[in-house]
Structure formats: C-alpha cells, structure tokens
Amino acid sequence: MSTSIEDLLASVIDESPAKSPASEDGLFSSHAANSFENMFIEEEGEKNAIRTDKGGPVPEVDLSVKAFKPIEKAFLDTPANYFDDSAYYKTAIAGEGQASNRLHAVLSKYLACQDIKDKMVFRQQVIMAYWEVVRSIAPKASGKNFPMPKRMLLRFSVLLPSLFRPEHRELFSKTILENNTNEPVFYLDEWFKYIGQGKIKPSTTDEVRQKRGPATPEQEAMHLQQLQSKNSGRLQTSENALNMAENQRNSLEGDLRNKVDELCRHEAMSGLEPHRQSYTESQRKLFAEITNLLHQLSKNDKELSRALDEFQDAKNVYQSVEEKIAEGPEISSANSEDLDQEFETVRQMAKMTCGRQGNQFPIFTRDFFHCMPQATGFRENVLQTLAWVESIDPNAFVRIHKNTPNRIVPFVVLLPTYGDFGFCWEPFDRYNRVTSRGRIVVPMYPRDLKIAVLMAVADLRWQVAKEKASFYWMEEGLTGQYYEWIIEKQKLKGDIKQYFIQDYILWMTKESEGVQRLDKEVRGIFWRNLPFPQALKEDLRTRSLVYDELCKKDANRAMSDGY
C-alpha cells in the first residue's frame, strides 16, 4: 500500500508533543496548535538563515543569435545545504501574518483528521491556504535579503524538506540557482522578482475598463513606457534591416573589387615589352558581371538609404520618449495592483497546467513526484528540450516582419506543479508585435517533460500563425489550411487548436523519425508550413516514397517560384 501524503507530512509532525521533532522549534506542539498568533514572527535566530538576492538582468532580445547555446553543466557537482536548515519550515512561512497561521492551522487539522470526507475538505483548505501564503510572499521576491526557504517555496513548492527522499534532496540541492544561460527561462521566484522590479511587464488578461478622469503622473509614465516598448520593436527591426543592407553592400563591393582586380590584370607580351595583352575572353565576360554588380549596388544603396532614414527616425523617437520618461516620475517597480494581478494570473496558469482532473495539490511531496533527474522541469533541462525542438522545427521561434525572419525566444515560466500541460499564454506583447517575446508556461513535474514543452511550443506556433492571418485565420496560412481540413473535410467538432497540438506532437516525435502517423493531407500542410531542416528532409526521403514525393513537390514549387 503506497504511502499517502498525510503519512508523509506526519513523518515530521509527531502528534505526541513530548516526542515531536518539530516541537523543539514550537511549530507543532500542543500549545502552538492552539495559538498561532506569534508563531511565525521572525526571531533573532532566523536572521542567520541562508539568504540571497543575486540575479542577473532580464536577457534582451538579440536578433543576431540563431540558436541555443549548448548546456555545459546541468547540475552542481556538490549539493548545497539550504534544505538542511532546521528552521526551514518556520522561515519559509514566517512573517506572512494570518496567511501563515491559517496554513499551519489547516495543515495540522488535515494531518490529525481520520475521516476521509473531512480530510478531503481539509485538503482543499490546505490548497487555498498555501496559495494565500504565496500571494503574501510574491511581492517580497523582488526585495533584498530574500530568505532562501521562501525562495525555494516559490521555486520548487518545497514546504517541508522532510517530504524529500534522500535522492530527491540531493537532486534539488544540486540545481543551479542563477540563470547563467542568458535565456528568458525563469522560475516562479525570478518571475515575481522581475515583475515586481518592473523589468518584465505583467501578463495580459482581459481588458479592464479604465476609470474616466485626468491621467495621473504615474499613468502618464506608464503610457510612455508602453510607447517606448512599441518603438523598441521598430528600432530593432530597422537596425536589423540596416545591418542586412550593409552586409549585402560589403558582399557586393567585395565581389566587385575582385572582378575589377581580375579585369585589370594583363600579362606582358613576349618580345613586345612593355606592351601587355588585350582583354581575354574570360575578362570580356566580366563586363556584364560588373555591370550587373553596379546595378545591384545602386539598388542596395536605395534600400540602405531607406533603412538608414528609418533607423534614424526610430532612434530619435526612442530617445525622445526616453528623455520624457527620465523627466517624469520614476517607476522603479510594478505597483501592488499589477503584482497582485500577476499572482492571480500565475494561479490560473497553475490550474491550466494540471487541467480539471489533474492533481492540484501545490506542495512538493515524494508521493507525487516521479520524475527522473533529466525529465524534471529544471531550467537547464527545459533549455535542452527547446534546443531539440528547434533542431527539428527551425522556425519554431521565428516571426517574419517585412520578409525578414526574426528569431525571438519567448519567456518561459516554470511552474512547480504536477501538471502535464504546457501552453502559450500570449504570443507577443500587444504593444510590440515585431520583436517582443511571447510567454509560454511549462510545468516542472510532468509525466513527460518533452511532451509538455511540445504542447507549449505548438500552442505558440498556432497563436502566432493565427495573429499573422488576423481576420482571415480560417482561410489563409497554416491555420486556414488546417481549419479547412479539420472542419470542412473531416467534419470534426471541438477545439481546433487541440487537434493541431496533438498533430504537432506526432509531427515532432514520429514523423521526424520517419514513422508515418499523420493523415496524408495534414502531413503536407505541416511539410509546407512547419518544414524540417533540409538535411532531415534528405534523410527522410531515403526512408519512404511518401517523403520522397514531398521533396519532389518542394523542387517543383522552387522551380515555379511558388514556394
């Protein structure tokens, strides 16, 4: 018979006060069970708890980066000792007022209860009380001297280290705390920290009706920040176009220089010195090539001038808005309403990762954790999975603007839940649709991390394609072709996006290996709109006539300039 969650928790809470290991700290003694008022007031001894406020800046969008860097080290060599702190539990929920008292109270009742129906009620109360503690802790994540137990509570949902198995304790103690990858993949404590510091804008929700009346100075400053964010995309795009034009000019000028040098090279005529030979036949052919290069340089110069003007204009606007922001009231962090709204958003995200029938219990316990080290949603593992996704679907994170592909990795929020569903919360910032990051959510303790990440990427793919097609999403592009197949031809009912996500998983896990699991028409839609790398295509065409036929169609489209 498997050990239940209450038995695991009871291992640190002996109901006999005289023998309770926790009673030394006064946490679960009979006196403490009846009086919670002063239980979690921070005492002098708690000031010596392990604390940290390190953390680098939020990685900026760099359009020059084309791939994820390999993860050189996924875990520390030596485990840390922050889970060995005897006051870990007390420090984790200390100083949160009634929320701390309520969580401790319902947890005690939950453990003491023997009736199954009452225990289910107390279990639900534990869930609600836990999230109230998280609500109270979240604003403190952006402050200095944030206690390590609170950080681990937000990051991994570790409330009681005694719920670890020995191998779990070692695994989590070897995790790399800081983001050394320069990728936008964040644990929950980091997410709240950057939201609180104003470095990341709160996640979008349904529009809230604005109150009428004159705008306050802070509202005006927030509006200027939105304008700056919107113009930031224009600035980056114009600079990218300028760089491409300059690179093209350098390439053309290099070719021109080489051809002119070859044209001006004449061999001496033997016996007729110092006279030299006339142009050779190969040199005469250079006339047309040089003329063509000059035409290309003339066209490039017009494009470069246009890109330079647009870049200069975008830079002037950006600097103008920046100066106005500097002159206005300083906004060093998000206000309490924004942070509270983000907490509610994260709470909804956590529910969505589990689904209606999933395990909503929020506290880490060995009773529910069954992941292997490489299959746990740690930052480095998720990045390795994303790199694998991009190796098969090179355009997974690419958005095209003015025929220019921009690789933009979305924000990835890692939630410590037992869910199996990854998803996309928003495809991009509504104020900067060009170079802003989208937001995807990945549960940390799923049954299959690769599938959870694929679901999130598939959702991102669908939403980006749908936004690109706008009002014509049922007629044009990837979404239009897939909609026609699902609704008009197959007559299927339900959420079209969910059908797409399941097919995308098959596309990435089966079809990429040459295992044919998709319908012929769906395979064609994916082959055209979500193409594999050319090397993989060539490998697949040797395995089956199905893929060979698709490669032939690619060649035909390329010849007709319709691809």
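The structure we're discussing is the one just above.
Owing to the predicted nature of the structure, the values given are computational and were not obtained by experimental measurement. Here the residue numbering is sequential within each chain, running from 1 through the sequence in written order. Reporting of local features is limited, given that this is a predicted model, to residues whose pLDDT is at least 70; pairs of side-chain atoms are given and counted only at 80 or more, and all residues count toward the totals for whole chains, interfaces and linings. Remark: hydrogens and water are excluded; side-chain values derive from all non-hydrogen atoms of the structure.

### Digging into the overall build of the protein chain
Only DSSP runs of H or I reaching four residues or more are called helices, and only runs of E reaching two or more are called strands; each is numbered from the N terminus. Each helix and strand in the protein chain was counted, giving 18 helices and 8 strands. A simple rule labels every residue: compare its accessible area, found with a 1.4 Å probe on the protein chains alone, to the largest value its type can have, and call it buried under 20%, exposed over 50%, or partly exposed in between. Looking at the 563 residues of the protein chain, the share that counts as buried comes to 47%. When checking whether two residues touch, look at their non-hydrogen atoms; a contact exists if any pair is within 4.5 Å. Considering only contacts within the protein chain whose residues lie at least 6 apart along the sequence, 76% involve residues at least 24 apart. Of the roughly 30,000 Å² of accessible surface on the protein chain, 50% is carried by carbon and sulfur atoms. Throughout, the Shrake-Rupley method with a 1.4 Å probe supplies accessible areas, and for residues the shown protein chains are the sole cover considered.

### Describing helix H18 (residues 545-559)
With 15 residues, H18 should reach 21 Å at 1.5 Å per residue; the first-to-last C-alpha distance of 21 Å fits that figure. Along H18, the positions that sit buried rather than exposed are Tyr547, Asp548, Leu550, Cys551 and Asp554. Around the axis of H18, the buried residues are gathered within 160° of arc, so they sit on the same side. Residues Leu545 and Met559 are exposed on H18 and point more than 90 degrees away from its buried face. Polar contact is defined as a pair of N or O atoms within 3.5 Å, subject to the rule that within protein one atom must be able to donate a hydrogen and the other to accept it, and that residues adjacent in sequence are counted only when both atoms are side-chain atoms. A side-chain oxygen of the first residue of H18 lies 3.1 Å from the backbone nitrogen of Val546; this N-cap is Ser544. Under the convention used throughout, the expected extent of a helix is 1.5 Å for every residue step, that is, one less than its residue count. An arc is given here, and it is the one of the directions from the helix axis to the C-beta atoms.

### Focus on the packing of helix H15 (residues 496-509) against helix H16 (residues 520-529)
All axes are obtained by fitting lines to C-alpha atoms, using only the stretch in contact for helices, and the reported angles, taken between N-to-C directions, cover 0 to 180 degrees. At a minimum axis separation of 11 Å, H15 and H16 run at an interaxial angle of 75°. The angle between H15 and H16 places the two elements in the roughly perpendicular class. Here H15 contributes Phe500, Asp503, Tyr504 and Trp507 to the contact with H16, which in turn contributes Val522, Arg523, Phe526 and Trp527. Amino acids outside the nonpolar list (Ala, Val, Leu, Ile, Met, Phe, Trp, Tyr, Cys, Pro) and the charged list (Asp, Glu, Lys, Arg) are all regarded as polar, and Gly is one of them. Of the residues contributing to the contact of H15 with H16, the split by class is 6 nonpolar, no polar and 2 charged. We call two directions roughly parallel when the angle between them is under 35 degrees, roughly antiparallel when it is over 145, roughly perpendicular when it lies between 65 and 115, and oblique otherwise.

### Concerning the pattern of salt bridges
Any two side chains of opposite charge can pair, so long as their charged atoms come close to each other. Whenever Lys or Arg places a side-chain nitrogen within 4 Å of a carboxyl oxygen from Asp or Glu, that contact is recorded as a salt bridge. Going through the model one piece at a time under the given rule, you end up with 30 salt bridges. Taking the shortest distance from any N to any O, the salt bridge between Arg557 and Asp554 comes out at 2.7 Å. One end of the pair is Arg557 and the other is Asp554, both in helix H18 and 3 residues apart, which spans about a single turn. Given a relative accessible area of 11%, Asp554 falls into the buried group.

### Focus on the nonpolar core
Take the buried Ala, Val, Leu, Ile, Met, Phe, Trp, Tyr and Cys residues and link them wherever side-chain atoms come within 4.5 Å; each set so joined is a nonpolar core. With 73 residues, the main nonpolar core has Phe156, Phe172, Leu386, Tyr445, Phe500, Tyr504 and Phe526 as its most contacted residues. The residues contacting Leu386, other than those within four sequence positions of it, are Phe68, Phe397, Val412, Val453 and Val457. Tyr110, Leu153, Phe423 and Val441 belong to the second-largest nonpolar core, a separate cluster that totals 48 residues.

### Some remarks on the layout of surface pockets
The rule is simple: put a 1 Å grid over the protein atoms alone, call a set of points where a 1.4 Å probe fits but cannot get out a cavity, call an open set with protein on both sides within 12 Å along at least five of seven lines a pocket, and count a residue as lining if it has an atom within 4 Å of a point. Grid points are joined across faces, edges and corners, and a volume is the space filled by probe spheres set on the points. Of the voids in this model, the second largest pocket is the one considered here, and its volume is about 1,300 Å³. Lining the second largest pocket are 46 residues, and of these Arg399, Ile400, His401, Lys402 and Thr404 sit closest to its centre. At the level of elements, helix H9 (217-263), helix H10 (281-327), strand S4 (398-401), helix H13 (449-469) and helix H14 (477-489) are the ones that each hand at least two residues to the lining of the second largest pocket. The residue inventory of the lining of the second largest pocket, partitioned by class, reads 20 nonpolar, 13 polar and 13 charged.

### Focus: the side chain of Ser203
Turning to its location among the elements, Ser203 is positioned in the loop between helix H8 (188-196) and H9. Judged by its relative accessible area of 1%, Ser203 is buried. Within the structure, Ser203 has its side chain in polar contact with the side chain of Arg439 (distance 3.0 Å).

### Digging into the packing of aromatic side chains
Working definition: a ring pair exists when centres of Phe, Tyr or Trp rings (six-membered ring for Trp) sit within 6.5 Å. Plane angles under 30 degrees give stacked, over 60 give edge-to-face, the rest tilted. By the definition in use, this model includes 40 aromatic pairs. Each ring, one from Tyr418 and one from Tyr445, has its centre 5.7 Å from the other, and the planes form 40°; the classification is tilted. Taken together, the residues span a long stretch of sequence, with Tyr418 in the loop between strand S6 (411-415) and strand S7 (423-426) and Tyr445 in the loop between strand S8 (439-443) and H13 at a distance of 27 residues. The residues Tyr418 and Tyr445 share a single accessibility class, namely buried. In this structure, Arg407 is placed above the aromatic ring of Phe68, and the distance from its NZ or CZ to the ring centre is 4.8 Å. The criterion is that NZ of a Lys, or CZ of an Arg, lies within 6 Å of the ring centre and within 35 degrees of the ring normal, and then a charge sits over that ring.

### Brief notes about empty space enclosed by the protein
Going through the model one piece at a time under the given rule, you end up with 3 cavities of 30 Å³ or more. Computed from the structure, the second largest cavity encloses a volume of approximately 80 Å³. When contributions to the lining of the second largest cavity are tallied by element, the ones reaching two or more residues are helix H5 (116-137), helix H6 (148-156) and helix H11 (336-354). Looking at the lining of the second largest cavity element by element, the count peaks at 3 residues for H5. Counted by class, the lining of the second largest cavity contains 11 nonpolar, 2 polar and no charged residues.

### Description of the sheet that holds strand S3 (residues 185-187)
A strand pair is defined by DSSP finding two or more bridges across the two strands. Here we have 4 strands laid out as an open sheet, ordered S3-S6-S8-S7, and mixed in their pairing. Looking along the sheet, the strands with just one partner apiece sit at the ends: S3 and S7. The average undirected angle you get between the axes of adjacent strands in this sheet is 30°. With 3 bridges connecting them, S3 and S6 associate as parallel partners. In the sheet register, Val185 faces S6, and the bridge partner there is Val412. The strands touched by H11 are S6, S7 and S8; relative to S7, the strand with the most contacts, the crossing angle is about 155°. Across the face of the sheet, helix H12 (residues 379-392) comes into contact with S3, S6 and S8 while running at roughly 150° to S3.

### Thoughts on the pairing of S4
Summarising the sheet, S4 and strand S5 (residues 404-407) pair through 4 bridges and their orientation is antiparallel. Residue pairing across strands places Ile400 opposite Pro405, the latter belonging to S5. Linking S4 to S5, which pair antiparallel, is a turn of 2 residues; within it Lys402 sits at a positive phi near 55°.

### A word on the pairing of S8
Across the 5 residues that make up S8, a large majority, 5, are buried. The side-chain alternation of S8 yields two buried faces, one formed by Arg439, Val441 and Pro443 and the other by Ile440 and Val442. Where S6 and S8 come together, 5 bridges link them in parallel fashion. Each residue of the ladder has a partner; that of Val413, found in S8, is Val441. Two elements, S7 and S8, share 3 bridges in a ladder whose sense is antiparallel. Bridged to Phe423 within S8 is Val441.

### Here's the deal with H5
Taking 1.5 Å of rise per residue, the 22 residues of H5 would be expected to cover 32 Å, and the 31 Å separating its terminal C-alpha atoms lies within 8% of that figure. You can read the cap of H5 off the contacts: a side-chain oxygen lies 3.1 Å from the backbone nitrogen of Lys117, and it is on Asp115.

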